Every structure is written in structure tokens, then in C-alpha cells.
Amino acid sequence: MNKEIELKCEISDIPQLKKMEDIEIYKISQNYIYQDKFSSIRVRSIFNPKCNKTEYVYTVKTKGNIQDNYSLYEIESIITEQEYEQMQELSNYVIEKYRIKIPLNNELMAELDLYNGKLEGLLTVEVEFPNKEELKKFSKPNWFGENLDKKIFSNANLSKMTREQFLNMIDRESYEKNVCIRKEIEKLIKNLL
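The present account deals with the structure reproduced in this document.

**A look at the pattern of salt bridges**
Counted by the stated rule, this structure contains 12 salt bridges. Put simply, Glu126 and Lys8 hold a salt bridge, and the shortest N to O gap is 3.4 Å. In this pair, Glu126 is assigned in strand 8 (residues 123-129) and Lys8 in strand 1 (residues 2-11), connecting sequence segments 118 residues apart. Each member of the pair, Glu126 as well as Lys8, is classed as buried. Its salt-bridge partner being Asp113, residue Arg99 comes within 2.8 Å of it at the nearest N-O pair. Residue Arg99 is located in strand 6 (residues 93-103), and its partner Asp113 is located in strand 7 (residues 109-115); the two are separated by 14 residues in the primary sequence.

**Structural notes on the side chain of Ser29**
You can see Ser29 is positioned in strand 2 (residues 24-35). The exposure class of Ser29 is buried, given its relative accessible area of 16%. Discounting residues that sit within four places of it in the chain, Ser29 has contacts with Val43, Arg44, Ser45, Tyr84, Val94, Ile95 and Glu96.

**As for the pairing of strand 4 (residues 53-62)**
Bridging between strand 3 (residues 39-48) and strand 4 involves 10 bridges; their strand directions are antiparallel. In the strand pairing of strand 4, Ser45 is matched with Tyr56. Hairpin connection, strand 3 to strand 4: the antiparallel pair is bridged by 4 residues, and Asn52 has positive phi, about 55°.

**Side note on the nonpolar core**
Membership of the largest hydrophobic core comes to 25 residues, with the highest contact counts inside it found for Ile100 and Phe144. Secondary structure elements with two or more residues in this core: strand 1, strand 6, strand 7, strand 8 and helix 5 (172-192). Once you skip the residues sitting within four places of it in the chain, Phe144 turns out to touch Cys9, Glu10, Ser12, Leu104, Ala110, Val125, Val127 and Phe138. Core analysis: the second largest hydrophobic core is formed by 11 residues, Leu119, Leu148, Phe153 and Leu158 among them.

**Regarding the environment of Pro49**
Here Pro49 lies in the loop between strand 3 and strand 4. On the basis of relative accessible area, Pro49 is assigned to the partly exposed category, the value being 45%. In the structure, Pro49 is positioned 22 residues away from Lys27 in sequence and 8.0 Å away in space, judged by C-alpha atoms. Once residues lying within four places of it in the same chain are set aside, the contact partners of Pro49 are Ile25 and Tyr26.

**Describing the pairing of strand 7**
The buried count for strand 7 comes to 6 of 7 residues, which makes it a mostly enclosed element. Where strand 6 lies against strand 7, 7 bridges are found, and the strand directions are antiparallel. Each bridged residue has a counterpart across the sheet, and for Arg99 the counterpart in strand 7 is Asp113.

**Concerning the packing of aromatic side chains**
As enumerated under the stated definition, the model contains 4 aromatic pairs in all. Note on Phe129 and Phe138: the rings are 5.2 Å apart at their centroids and 70° apart in plane angle, and the pair reads as edge-to-face. There is no split in this pair, since Phe129 and Phe138 are both buried. Counting every residue linked through ring pairs, the aromatic cluster contains Phe129, Phe138, Trp143 and Phe144.

What counts as what
- Residues numbered from 1 in each chain as written.
- Predicted model: local features only at pLDDT ≥ 70, side-chain atom pairs only at ≥ 80, totals over all residues.
- Heavy atoms only, no water.
- Salt bridge = Lys/Arg side-chain N within 4 Å of Asp/Glu carboxyl O.
- Helix = DSSP H or I, 4+ residues; strand = E, 2+ residues; numbered from the N terminus.
- Buried < 20%, exposed > 50% of the residue type's maximum accessible area, 1.4 Å probe, protein only.
- Contact = heavy atoms within 4.5 Å.
- Pairing = 2+ DSSP bridges.
- Core = buried A, V, L, I, M, F, W, Y, C linked by side-chain atoms within 4.5 Å.
- Phe/Tyr/Trp six-rings, centres within 6.5 Å; stacked < 30°, edge-to-face > 60°.

No statement about biological role is implied by the geometric values presented.
Here is the structure:
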């Protein structure tokens, strides 16, 4: 069981995407099949366009006895496409997004998420840390915005929102800025391909 220590932020500017070989892009569909205030169970389809391969993952996340706002316990296992399809039928809560993995200093990785469907207009970035000391030492790149509340902006919580609820949660200025930033990121990626 891994202890997940992460920071989730808004996007304030366009990240530096210099070379395609420096980044990884995935199309993710994640379906929540169980949620309560302490834990969630999801299945994910992760498509990698570089190698034209899809991986299916079953994940349990739990707060357990962790008191801080940055950590969770996480158990993941690879499942078959058939198992994914069967479990997906149990879900009413789905998130679709593109994830761009961008290397940072100190062997850290930024995971930039461009949400689709009912959450289109939302951009977030997460960084996972090996321990709390690394989190405390972390200096955010200039394209990272404000820290996001992990309860409100958890994917499990976002999956339950309707389009209307999402639009009421995000202010108009942030939404419009995110739409512009997303367009620029998509242009950068096309130019890199």
C-alpha cells in the first residue's frame, strides 16, 4: 500500500513544453464505483497514443488515519479490459480528461489535467512527493496557480458534479482563462507532434 502525498493547484499560465520526448500524454476515463467520506474505489482506462495501448487499473484510495490534507493511502492493480467493462457498469460517476506528464526538477513530475465533458474548462496540476519533507521544500513553477482544496477538487467529488454545478463552482474569469490556456496548450502539443 502506497502513501500518496500530493499537491493540487490551479493553472495560472502556459507550461513550458519544449520537446515531445520530454512529456507523456494520456487520455483517461475514470469511473467511480464506490465513494464515502473516507475512501473511493475507481476503475480507469488509460490510453497512451504514443504506443497506441490502453491499460486498465483498479484503485482503492483511503484516508485511513491520515490527518493532513495532502496524503492518502492508495492500492492499485492492473485489470483486464473485460474486468474494466464489468466494473464500469457499476458506475454513474465518470471523469474524462487528458493528462500531460511534465518533468520538473528533483525527479518530480507535474501531472497537468485538461478535463473534458461536463468538467470542460477545468485545468489542474498535481505533483506527487516521496515524503512530506519534499512537499515542504517544493517551489512551485511560475505556471502553477493557487493551491486547490483537495476535498472539493478531488476527482471523486468532481465526478459527482453536473455541468451546472461545476459552472456555478468556478468563477467566470477563471473559466475563460482556463479555456484560453487550454487552447494554447493544445497548439503547443500539435506543434510538438
